[in-house]
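A look at the structure
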Amino acid sequence: MMNRAAHTQPLQPVAVDHAAMANAIRALAMDAVQAAKSGHPGMPMGMADVATVLFGRHIRFDPDAPTWPDRDRFVLSAGHGSMLLYALLHLIGVPALDIGQIRQFRQWGSLTPGHPEYGHTPGVETTTGPLGQGLATAVGMALAERMQAARFGAEVVDHHTYVVAGDGCLMEGISHEAISLAGHLKLGRLIVLYDDNHISIDGDTGLSCSDDALMRFAASGWQVRRVDGHDPEAIDAAITEARADETRPSLIACRTVIGYGAPNKQGTSGVHGAPLGADEIAAAREQLEWPHPPFEIPEPIRDAWRETGARGKVEHDAWRERLARMAPQQRAAFEAGQAGGVEDALEALAVLAKRFQDEAPRLATRQASHKVLEAIAPVQANLIGGSADLTGSNLTRAGIQQPVQPGDYAGNYIHYGIREHAMGAVMNGIALHGGLLPYGGTFLVFADYARPSIRLSALMGQRVVYVMTHDSIGLGEDGPTHQPVEHLASLRAMPNIDVYRPADAVETAHAWACALAEETRPSLLCLSRQGLPTLDRRDAACADTVARGAYVLREAEGGRDVTFVATGSEVSLAVEAAEALAAQGIRAAVVSAPCFERFAAQPADYRRQVLGSAPRIGVEAAVEADWSRWLGDGGRFIGMRGFGASAPAGELYRQFGITREALLEAARAAVAEHPSND
Ligand SMILES: Cc1ncc(C[n+]2csc(CCOP(=O)(O)OP(=O)(O)O)c2C)c(N)n1
Ligand SMILES: [Mg+2]
């Protein structure tokens, strides 16, 4: 085993004057914001010294390989200061970020949009517009690093996660969840550089906050220290000390002056988010002794920055050699995780779905999901489960899964605690880190508590699986605070996420398969608390049921008089109604629609064929919202019109009118109105 310390030593300081390197960031920031007539110069100018020390002396980053697995992660949680990040990526020599891109700051089609956007700009690790998200996502990255190191060893996984966070990030509630979890898990590789400038948009932070940030972090088990954010040696010493602490995450509160260098505006909220203006920029050039024209960086300063990048390249090469020396089996496992394949899990799921169909158990879909996890956890080594303190209700833990614990990261199940918002962000961080495949559970109603993180999963196109159980009034006695009604609609309204509501065990297995196979978007599984019968699929018109989003589960012999379109627990109700109608001479088909997003993506012909031309009745124990898109003119909807209530589930379905009788009545009325010619 090689000496790990050999490749974690702080890099040697570079020869060129620190101030000149930092002023290059300041100049690029103020000139780019001025050219765009919009942006945030204050933070980049204030944090330029900290960033210069971090990148110049510590960070391990190869500009030619910004996705190299063992790079240090740098997360700009204070995302409004995006010019700091773009300037760094440009100066360090990421080829795509040439000076033309800096000139195009915030313009259509540029690689330098308003906030750092994941998947858009090489070198950007995550998207953080919503303050605090970057910090929480970084906790997931730092945790993933420890978990991967526990699996594959320090020779190939041995990096830090650095975060620049501002007052806004620390004021946001998610920061509490995130720092609490990071402290508990002893994530010593996480280092937060806090831009402690006492300023936010409304003015002095004293207007709204008098926390002692250091005490707050210390109370959660962090190493904390305060430095002058314009003293490079003090910053360097603090980062070095933070890196040496293997068992505590570190907070370095860097006392800075926002807009440092702009003589008349620095230290005020006026530099937070507006161009400095030509006069103030001229004054800043004088103050900073930076006589160079906009977007021109003198060669020696550029060289000094490039040297930083060149050192990263050397580190990368050394890592490649260590990877090549790994035992072949270990190496194959590491690379398989990085590649993200799920073939074995899909095979296991195909077998399980068939078994479910053959054995036809009566199971809650959350129980079916548990059986799914029992089947795939043994074959999908990089699957990382978890729940926000509802493991026994969400049924998210397979028997072989072991908890991840403080200082022991070999496990594969995360007890997130009652921290839904951070759970989402941490899962994003784990997915972004690479190598691991996260899923996590809570009640569907608490999706609201995680929503900003779910939105970022979708925006960043990350494979994160949300397992959300207790998906309707069918949960019964916990009452309206626990009964989702508008959640399905609101989650379906979000772009780039697939929302599944499987009807039985078979659909649950297929939904899991779809979720795992979908590499570029998150999935959200809405699962029942109550038991549901396995549906008879002898009539089902297609084999890849869930993958197409909706399918004909039960066709009406001799043409349709009416079509029920239902999801989840209401599909079996629709089947019962269709059977009763058959006895009355009304021909009813049943369409199961477990995933609207997938169905919407099917060819129009397929959709027409599934939906048919007979009048349609939608059934879902949730609000109607945009169900009309599937029901057409004259369609009817049976569902919820207000919040739920507390009672046994059967009684609630009766009281809220989601009953077989209601379906029969709606069908008879529809047929009377629209005699079918199907
Ligand atoms: C969740 C969220 N709320 C509000 C905003 C809008 N916003 C952007 S920056 C900012 C002020 C942040 O203050 P601070 O982090 O201290 O940044 P500084 O002014 O020091 O650069 C606000 C309110 C946001 N981006 N995200
Ligand atoms: Mg601030």
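Each remark here, short or long, concerns the structure printed above.
Anyway, here's the lowdown on the structure attached to this text. (Residues numbered from 1 in each chain as written. Chains lettered and ligands numbered in written order. Predicted model: local features only at pLDDT ≥ 70, side-chain atom pairs only at ≥ 80, totals over all residues. Heavy atoms only, no water.)

Here's the deal with a negative patch on the surface
- On the surface, a cluster of negative charge is contributed by Glu343, Asp344, Glu347 and Glu519.
- If you trace the backbone, Glu347 turns up in helix H13 (residues 343-359).
- Judged by relative accessible area, which is 58%, Glu347 ranks as exposed. (Patch = residues over 30% accessible without salt bridge, like charges linked within 9 Å, V, L, I, M, F, W, Y side chains within 5 Å. Areas by Shrake-Rupley, 256 points an atom, 1.4 Å probe, with all protein chains shown as cover. Salt bridge = Lys/Arg side-chain N within 4 Å of Asp/Glu carboxyl O. Lys, Arg positive; Asp, Glu negative; His and termini not counted. Charge placed at Lys NZ, Arg CZ, Asp CG, Glu CD. Helix = DSSP H or I, 4+ residues; strand = E, 2+ residues; numbered from the N terminus. Buried < 20%, exposed > 50% of the residue type's maximum accessible area, 1.4 Å probe, protein only.)

Overview of the side chain of Asp195
- Structurally, Asp195 is set in strand E3 (residues 190-196).
- Buried charge without a partner: Asp195 forms no salt bridge, and the closest opposite charge is Arg255, 7.3 Å away.
- Within the local environment of Asp195, its side chain forms a polar contact with the side chain of Thr256, the two groups lying 2.5 Å apart.
- Leave out the neighbours within four places in its chain, and Asp195 touches Met43, Met47, Ala165, Gly166, Asp167, Cys254 and Thr256. (Polar contact = N/O pair within 3.5 Å; in protein donor to acceptor, adjacent residues only side chain to side chain. Contact = heavy atoms within 4.5 Å.)

Digging into the packing of helix H5 (residues 133-152) against helix H16 (residues 420-433)
- H16 packs onto H5 with a crossing angle of 55° between their chain directions and a minimal axis gap of 7 Å. Of the possible angle classes, the one that applies to H5 and H16 is oblique. H16 is crossed by H5, and the crossing has right-handed handedness. On the side of H5, the interface is formed by Gln133, Ala136, Thr137, Val139, Gly140, Met141, Leu143, Ala144, Glu145 and Gln148, while H16 contributes His421, Ala425, Val426, Asn428, Gly429, Ile430, Leu432 and His433.
- Classifying every residue of the contact of H5 with H16 gives nine nonpolar, eight polar and one charged. (Axes fitted to C-alpha atoms, helices over the stretch in contact; angles between N-to-C directions. Parallel < 35°, antiparallel > 145°, perpendicular 65-115°, else oblique. Left-handed = near helix turned anticlockwise from the far one by under 90°. Nonpolar A, V, L, I, M, F, W, Y, C, P; charged D, E, K, R; others polar.)

Regarding the nonpolar core
- With 62 residues, the main nonpolar core has Leu143, Leu187, Leu190, Ile454 and Leu524 as its most contacted residues.
- In terms of residues, this core owes the most to one element, H5, which gives nine residues.
- Sequence-distant contacts of Leu187, that is, excluding residues within four places in its chain, are made with Val139, Ala142, Leu143, Arg146, Ala182, Thr247, Arg248, Pro249 and Tyr409.
- Phe74, Leu85, Leu89 and Phe295 belong to the second largest nonpolar core, which has 57 residues in total. (Core = buried A, V, L, I, M, F, W, Y, C linked by side-chain atoms within 4.5 Å.)

With respect to the pairing of strand E14 (residues 523-527)
- Taken across its five residues, E14 has five buried, putting it largely inside the fold.
- Burial of the side chains of E14 extends over both faces: Ser523, Leu525 and Leu527 are buried on one face and Leu524 and Cys526 on the other.
- Pairing of strand E12 (residues 465-469) with E14 involves five bridges; the strand directions are parallel. Paired with Val467 across the two strands is Leu525, which belongs to E14.
- In this view, the connection linking strand E13 (residues 498-500) to its parallel neighbour E14 by way of helix H19 (residues 505-517) has right-handed handedness. (Pairing = 2+ DSSP bridges. Right-handed = clockwise from strand over helix to strand, strands pointing away.)

Some thoughts on the environment of Ala600
- Inspection of the secondary structure assignment puts Ala600 in helix H21 (residues 596-600).
- Through-space distance from the C-alpha of Ala600 to that of Ile174 is 34 Å; in sequence the pair is 426 residues apart.
- With near-sequence residues (within four places) excluded, Ala600 lies in contact with Arg607, Arg629 and Trp630.

With respect to the sheet that holds strand E10 (residues 413-415)
- With parallel pairing, six strands are arranged side by side in an open sheet as E10-E9-E11-E12-E14-E13. Two strands in the sheet have a free side with no partner beyond their single neighbour: E10 and E13. Going across the sheet, the axis of each strand differs from the next one's by a mean of 20°, ignoring polarity.
- Relative to E12, strand E11 (residues 437-443) runs parallel, the two sharing five bridges. Across the sheet, the residue bridging to Phe443 is Thr469, located in E12.
- Seen against the sheet, H16 touches strand E9 (383-387), E10, E11 and E12 and runs at an angle of roughly 170° to E11.

A few points about the coordination of the magnesium ion (ligand 2)
- Protein-derived coordination of the magnesium ion (ligand 2) comes from Asp167 (OD), Asn197 (OD1) and Ile199 (O), at a distance range of 2.1 to 2.2 Å.
- In terms of primary sequence, the donors binding the magnesium ion (ligand 2) are separated according to D-x29-N-x1-I. One end of the pair, Asp167, is in helix H6 (residues 167-171); the other, Asn197, is in the loop between E3 and strand E4 (199-200), with 30 residues separating them in the sequence. Side by side, Asp167 and Asn197 carry an identical accessibility label, which is buried. (Donors = N, O, S within 2.8 Å, 3.2 Å for Na, K, Ca; no water.)

Concerning the packing of H5 against helix H7 (residues 173-184)
- As a packed pair, H5 and H7 sit with axes 9 Å apart at the nearest point and diverge in direction by 20°. It follows that H5 is roughly parallel to H7 by the angle criterion. Between H5 and H7 lies a crossing of left-handed hand. Residues Gln133, Leu135, Ala136 and Val139 of H5 touch H7, and the partners they reach there are Ile174, Ser175, Ala178, Ile179 and Ala182.
- Across the contact of H5 with H7, the residue classes break down as seven nonpolar, two polar and no charged.

Re the site of ligand 1
- Neighbouring residues of ligand 1: 15 residues in total, closest His80, Gly168, Asn197, Ile199 and His272.
- One of the backbone nitrogen or oxygen atoms of Gly129 is found 2.9 Å away from a nitrogen atom of ligand 1.
- Between ligand 1 and Asn197 there is a distance of 2.6 Å, counted from an oxygen atom to a side-chain nitrogen or oxygen.
- Coverage of ligand 1 by the protein chains reaches 74% of its 600 Å² of free accessible surface.
- Those elements that provide at least two residues to the shell around ligand 1 are H6 and E4.
- In the shell around ligand 1, the residues fall into six nonpolar, seven polar and two charged. (Near = heavy atom within 4 Å.)

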